[in-house]
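Survey of secondary and tertiary structure
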Amino acid sequence: AQNMGQKAAEMLRLIPKTDLQVIERCSGHGGSWGVMKVNFETALKVGKPVARAVVGAQKTYIASECPLAGQQILQGIERLDGEEPLNAAFHPIELFARAYGVSAS
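The sections below set out a description of the structure shown in this document. (Residues numbered from 1 in each chain as written. Predicted model: local features only at pLDDT ≥ 70, side-chain atom pairs only at ≥ 80, totals over all residues. Heavy atoms only, no water.)

A few words on unusual backbone geometry. In this structure, K17 takes a positive phi of about 60 degrees despite not being glycine. Residue position: K17 is located in the loop between helix 1 (7-12) and helix 2 (37-57). Assessed through its relative accessible area of 86%, K17 is described here as exposed. Positive phi is not limited to glycine here, since Q58 has a value of about 50 degrees. (Helix = DSSP H or I, 4+ residues; strand = E, 2+ residues; numbered from the N terminus. Buried < 20%, exposed > 50% of the residue type's maximum accessible area, 1.4 Å probe, protein only.)

Listed below in structure tokens is the structure:
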């Protein structure tokens, strides 16, 4: 909508030897809508294609510019049959900092 492109992906591609896969799908979170009990199952259903894509990509890290979307994706992965969830979803700037040895704490 803002016609600015994928700035986080562009930034992460600056890290040497980065194997990046962008998944352009809705996580299903939708702000406060996705955490409301009445909407939660629907939100996970909407985000299921993203969870499957993340598992299929077999990457070391998952990153989302939206921290809530990252958590939604992790919950979606937990719901997939027999899938072990990743430990965390990161903001892209956190992965950029890690790559260059900058401590977040």
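Once you've had a look at it, read on.
Moving on: the environment of A8. Among the structural elements, A8 can be located in helix 1. Taking the relative accessible area as the measure of exposure, A8 reaches 11% and is therefore buried. Along the sequence, A8 and E65 sit 57 residues apart, while their C-alpha atoms lie 7.3 Å from each other. Residues contacting A8, with those up to four places away along its chain left out, are E65 and P92. (Contact = heavy atoms within 4.5 Å.)

According to the stated counting rule, one finds two aromatic pairs in the structure shown. Consider the rings of Y61 and F90, whose centres lie 5.6 Å apart with planes at 80 degrees: the pair is edge-to-face. You can see Y61 sitting in the loop between helix 2 and strand 1 (62-63) and its partner F90 sitting in strand 2 (residues 89-90), a full 29 residues away along the chain. Geometrically, the ring pair formed by F96 and Y100 is tilted, given 5.1 Å between the ring centres and 50 degrees between the ring planes. Judged by relative accessible area, F96 falls into the partly exposed class, the value being 23%. (Phe/Tyr/Trp six-rings, centres within 6.5 Å; stacked < 30°, edge-to-face > 60°.)

Counting residues in hydrophobic clusters, the biggest one holds nine residues: V50, A51, V54, I62, I73, L74, I77, L80 and A89. Elements supplying a minimum of two residues to this core: helix 2 and helix 3 (67-79). (Core = buried A, V, L, I, M, F, W, Y, C linked by side-chain atoms within 4.5 Å.)

One number sums up the size of the largest pocket: a volume of about 1,100 Å³. Around the largest pocket, the lining is made up of 36 residues, and of these L20, Q21, V22, A63 and S64 lie nearest the centre. Every element with two or more residues in the lining of the largest pocket is listed here: helix 1, helix 2, strand 1, helix 3 and helix 4 (92-99). Taken together, the residues of the lining of the largest pocket break down into 21 nonpolar, seven polar and eight charged. (1 Å grid on protein atoms, 1.4 Å probe; cavity = no way out; pocket = protein on both sides within 12 Å on 5 of 7 lines; lining within 4 Å. Points joined across faces, edges and corners; volume = space filled by probe spheres on them. Nonpolar A, V, L, I, M, F, W, Y, C, P; charged D, E, K, R; others polar.)

Taken by themselves, the reported measurements are silent on function.
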